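# Fold and geometry: a report
Here is how the chains run, residue by residue.
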Amino acid sequence: MTGSVEDAHPTAGRLTALLIDASTEAISAAGGHAGGVYLRSRTPGLLRLAVLSGLPGPLFRPWWRLHADRPFPVADAYRLGVQVVLPNATETMRRYPQFAAGLPFQFGSLYVPVVGGSTTYGVLTVLRPAVTDAAEVLAEHDRVVRLAQELGAALRGLEVANPDQVAWDGEPVCLRPPTASTSLGRAGRFTWDPETAAITLDEDLHTLLGMPPSEFPGTVEAFAEAVAPTDAHRILATLRDTAVGRPPALPLYLRAEDGALRLLDLWNAYEPPASPAVRGVVVAPGPGPTADSAADLLPDGVFCVDRLGLVVYANPRAAQLLGRPRAELVGRDLWESVPWLRRPDFEDHLRAALLTPDPVHFHLVRPSAGESETGPPAQGAGSPRSARDAEPPQSTQDAVPPRSAQNTNPPQSAQNTRPEPSAQDADSAQRPYEGDWLALSVHPGPDRLTCTVRPASRVKDSPEGQENAELSETGMSALAPLYRPIALAIALTEAGTARQVSAVVMRELLPAFGGRRLAIYLLQERHLHLEWETGFPKGFLTPFDGVDLSTHLPGVETLTTGRPLFFDSMEQLTAAYPGIPLDATEGARAFLPLIASGRAVGSCILGFDRPRSFSTEERTVLTALAGLIAHAMEKAQRYESETALARGLQQALLPRRLAAHPQLETTGRYLPGTAGMEVGGDWYDVVESGDGLALVIGDVQGHGVQAAATMGQLRSAVRAFALGDRPPDEVMSSTNHLLTDLDPGLFASCCYIRLDPATGVARAARAGHPPPLLRSPDGRTRVLDLPGGVVLGVDPRARYPVTELQMEPGAILALYTDGLVERPGSDIDEGITALRVALAKAGAPAARPGGRFLAGVADKLTATARHALDRPDDIALLLATRRTAPPPGPN
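Here goes a summary of the coordinates provided. Residue indices follow the written sequence of each chain, beginning from 1 at its first position. Predicted model: local features are reported for residues with pLDDT of at least 70 only, side-chain atom pairs are reported and counted for 80 or more only, and whole-chain, interface and lining totals are derived from all residues. The side-chain numbers reported here are obtained from all heavy atoms of the structure, hydrogens and water having been left aside.

### Looking at the overall build of the protein
Put simply, the rule reads: The helix count covers DSSP runs of H or I at least four residues long, the strand count covers runs of E at least two residues long, and both are numbered beginning at the N terminus. Only protein chains enter the area calculation, which uses a 1.4 Å probe; residues under 20% of their type maximum are buried, those over 50% are exposed, and those in between are partly exposed. Two residues qualify as a contact provided that any one of their heavy atoms is within 4.5 Å of a heavy atom in the partner residue. Note on areas: Shrake-Rupley with a 1.4 Å probe; residue coverage comes only from the protein chains shown.
Of regular secondary structure, the protein possesses 26 helices and 34 strands. In the protein, buried positions account for 53% of the 891 residues. Here the analysis covers contacts within the protein between residues at least 6 apart in sequence; of these, 64% occur between residues at least 24 apart. Entry remark: accessible area of the protein is about 38,400 Å², with carbon and sulfur atoms responsible for 53%.

In structure tokens, the structure reads:
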């Protein structure tokens, strides 16, 4: 075979097949109505939706890609390796408010990490009906966990053979969920191997065709004749096209020998080491045609869409009210056939119907004929790939437009089976309901959504109708859930720095309004400085960085006047500001003032690729959001100033240099935490103590300036006691008394080791601190389980026993704080074991006298923490190693 997609990327075809099978089985196992698989991408920290089953891809485009550090259940399952069970919307809102704000509907969900060996590849997800308690879905959850484990093992084997292939960098494959209804008629499956020409039918298909296995010749020609004698040649041609990677975008509509309707759906399958095969299903619809004929006579409009958004039926009245002939509705994507339905309020109602079992009722204004031909651009317009486009794209470019799941020009079979335009269809073009209100109801089903539509001009006379009649100039319902602004507001509360605020605005605000460019300027000493930019040509905004407030520019004047500026086109912008440099010849711009409680903070610029008008509602929402952004920016600037002050205090309290000895090498590391707005109280020190050195490490409870100040007091106290050459137990007891007398409301842990570098004798005392590690010269590393007392500052009468140790030349002693070994959801003993293993692998000190070795070891032990995006606590590490005594000199 030549030209097959699987021939070019066999592993890609196998990967897609594994993901499709896993998501399909998971939906069935959990009693769900939709689901999919998120897979890691080649961009670090970015997850991509690889397979989506049971939901239209374009409708859920905002969730196609997800950063692993986002406060979403998928991200937690992937990053933390935990299973997340959300039984209902209440629990979802409690645990993941930002996710719930985006999908504020009553449904439950399961998220299970897909792990193979020690690698997490992605997350298997299932959306299902809501239940009262998570205990009600334990059995379903266990089945999904087993499926995730099987998928992880399969992906692990796939990665061993092709290390670079188990990743996803394109749009998702969208497929229909397992059929839950038997009213669609009978169905049977088959597999055809193009190389051997062997075709295998399951028992259901033998029954459907009325051909027992003993009477079936076993050839593909006999199969085609049995399915549809008059269309056998088309079946054979489509099978051959599918075998070389060109499956039909829609099922073939065929007629059996008795004239009964039959549907044939085909796709590729790849099961190494076998060659690419063709799989298919033949469906004999049940009473559907009769029901369709009855619905054709109803006075109200009725149309049905499947769970991928494909219109599978429309009666003449629906075609009339929607302003499209039936031939342009049936067999097409809903947003393709009725472009004016690409509107946020309709899409949000449709999401509700897809995710919840309850009917959804709402009202829309049908636009005029000119507007309905184009319709507003979809949010994230574009369709996902068909499930039969078998491989994940290899490109890492996000800007590649997704291929449609349905071809604009469907196969001849689909065209021939669409209803011919009727007299009513023609009449719809002559008597369009331009500008009329339409009342729509969407009734969810397991396999399709049934929608009714009727004129709603009389509905406005009722109280409910008056409520629904409050619309903006664009026709968007004022009661439509504005989930994007809500998500932005929630996300802004979690942003701590100006960069984080800017990233949230880019992630939440731009997709909500279809923007492509963003620039944020902050005010400093009457000048606007560029804080964030995305989408603009490189270097274009550089001349505007640091502009004075007297400059005649829209980004400046929106701040000085406090009024937002909207320009529907670049022509409007140049007319208002002649000579202003432009980054594009067409588009639209919005300049928003960032003002918090009357204080000027900066300005925000939104850019759009095409000309567009800003409705009154959009202007109002954008202005309100600018206020939220301004408050978040002001809070972030205050946080950064306070944090810089606290970090400066903390760094000033840490030792600038460590006491040295010819026979002892020491090194220390400190890493601040990334979580929250405050600094921690970890510290380390090396102090001269008589003829030896004191090695000290400690951790003050809590975070903030008070913790840092308490740390400074303790460090000074320990240092003073050590310089007096007191025994370790006296040093700890005296420090404990001091902290108790100071009564700062904080306690502290500490480990104190007094070491004689000449003899290697060490005497240690511990106050509630993690145990030190000792690596022998031969590489054996053990935990020093020192008896100790309670933490400092709790019991003034506490005693701290002393343990004597022997440290050989070449041995490495490691003291650390809990931030290096403790992670949420895992036991601290596991972290200590991991650190012990890492220290054992670090190697032995350099043999040459005076060589510096420990710096490299310290960097290795802290490498993972140093590069972690989420470091909930600060970290201190102190290493020491004995050197061999230098030979005596000639004198």
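### Things to note about the sheet that holds strand β17 (residues 437-444)
For clarity, the cut-off: Pairing between strands requires that DSSP locate at least two bridges from one strand to the other. Working convention: axes come from line fits to C-alpha atoms, limited for helices to the stretch in contact. Angles between N-to-C directions cover 0 to 180 degrees.
Pairing is antiparallel in the open sheet, where 5 strands are placed in the order β14-β13-β18-β17-β15. Both outer strands of the open sheet, β14 (311-314) and β15 (360-365), are each paired with one neighbouring strand and no more. Strand-to-strand, the axes of this sheet are offset by a mean angle of 20°, without reference to chain direction. Where strand β13 (residues 301-306) lies against strand β18 (residues 448-455), 6 bridges are found, and the strand directions are antiparallel.

### Here we look at the packing of helix α8 (residues 220-227) against helix α9 (residues 232-243)
Here is the rule: Roughly parallel means an angle under 35 degrees; roughly antiparallel means over 145; roughly perpendicular covers 65 to 115; every other angle is labelled oblique. What makes a crossing left-handed is the near helix being turned counterclockwise from the far one by less than a right angle; a clockwise turn instead makes it right-handed. Under the convention adopted here, Pro, Cys and the residues Ala, Val, Leu, Ile, Met, Phe, Trp and Tyr are nonpolar, Asp, Glu, Lys and Arg are charged, and Gly plus all remaining residues are polar.
One can describe the packing of α8 onto α9 by two numbers: an axis separation of 8 Å at closest approach and a directional angle of 130°. The orientation of α8 with respect to α9, classified from their angle, is oblique. Crossing hand, α8 versus α9: right-handed. Taking contact as the criterion, the partners of V220, E221, F223, A224, E225 and V227 in α8 are, on α9, A232, I235, L236 and L239. Looking at the contact of α8 with α9 residue by residue, the classes come out as 8 nonpolar, no polar and 2 charged.

### A few points about the pattern of salt bridges
Selection criterion: Salt bridge, as used here: a side-chain nitrogen of Lys or Arg that lies within 4 Å of a carboxyl oxygen of Asp or Glu.
Using the criterion set out here, one finds 18 salt bridges in the structure. With a closest N to O distance of 2.5 Å, R599 and E634 form a salt bridge. Of this pair, R599 sits in strand β24 (residues 599-608) while E634 sits in helix α22 (residues 616-653), and the two are 35 residues apart along the sequence. The class of R599 is partly exposed, set by a relative accessible area of 44%. Linked by salt bridges that have partners in common, R517, D583, R589 and D609 make up one network.

### Some remarks on the sheet that holds strand β19 (residues 517-524)
One open sheet holds the 6 strands; their spatial order is β21-β20-β19-β24-β23-β22, and the pairing between them is antiparallel. A strand with exactly one partner marks an edge of an open sheet, and here the two such strands are β21 (547-548) and β22 (565-567). Pairing of β19 with strand β20 (residues 527-534) involves 7 bridges; the strand directions are antiparallel. Residue pairing for β20: A519 is matched across the bridge by E533. Its contacts with the sheet place helix α20 (residues 554-561) against β19, β20, β21, β22, β23 (588-596) and β24, and it is angled at close to 35° to β23.

### Notes on a nonpolar patch on the surface
Keep this limit in mind: Like charges are joined within 9 Å and nonpolar side chains (Val, Leu, Ile, Met, Phe, Trp, Tyr) within 5 Å, but only among residues with over 30% relative accessible area and no salt bridge; these make up the patches.
Together, F747, V790 and V794 give the surface a local cluster of nonpolar side chains, amounting to about 250 Å² of exposed area. With respect to the helices, strands and loops of the structure, V790 is situated in the loop between β31 (781-783) and β32 (803-806).

### Comments concerning a negative patch on the surface
To be explicit about the condition: In this count, Lys and Arg are taken as positive residues and Asp and Glu as negative ones, while His and the chain termini are left out. Taken as the charge location is NZ of Lys, CZ of Arg, CG of Asp or CD of Glu.
A grouping of E822, D827, D829 and E830 is seen on the molecular surface, where their side chains present a negatively charged patch. Locating E830 in the fold gives a position in helix α25 (residues 828-840).

### Brief notes about the packing of aromatic side chains
Both the distance between ring centres and the angle between the ring planes are used here to describe each pair of aromatic rings. The condition that has to hold: Centre distance within 6.5 Å is the pairing criterion for rings of Phe, Tyr and Trp, where only the six-membered ring of Trp is used; planes under 30 degrees apart are then read as stacked, over 60 as edge-to-face, and the remainder as tilted.
For the structure on display, the rule yields 10 aromatic pairs. With a centroid separation of 5.8 Å and 55° between ring planes, the pair formed by F540 and F544 is classed as tilted. Take F540: its relative accessible area is 17%, and that puts it in the buried class. Consider the rings of F608 and F614, whose centres lie 5.5 Å apart with planes at 70°: the pair is edge-to-face. Taken individually, F608 and F614 each receive the classification buried, so the pair is uniform in this respect.

### Focus on the environment of I875
Mapped onto the fold, I875 is located in strand β34 (residues 875-882). You can call I875 buried: its relative accessible area is 1%. With 13 residues separating them along the chain, I875 and T862 place their C-alpha atoms 8.8 Å apart.

Geometric values such as these leave the question of function open.
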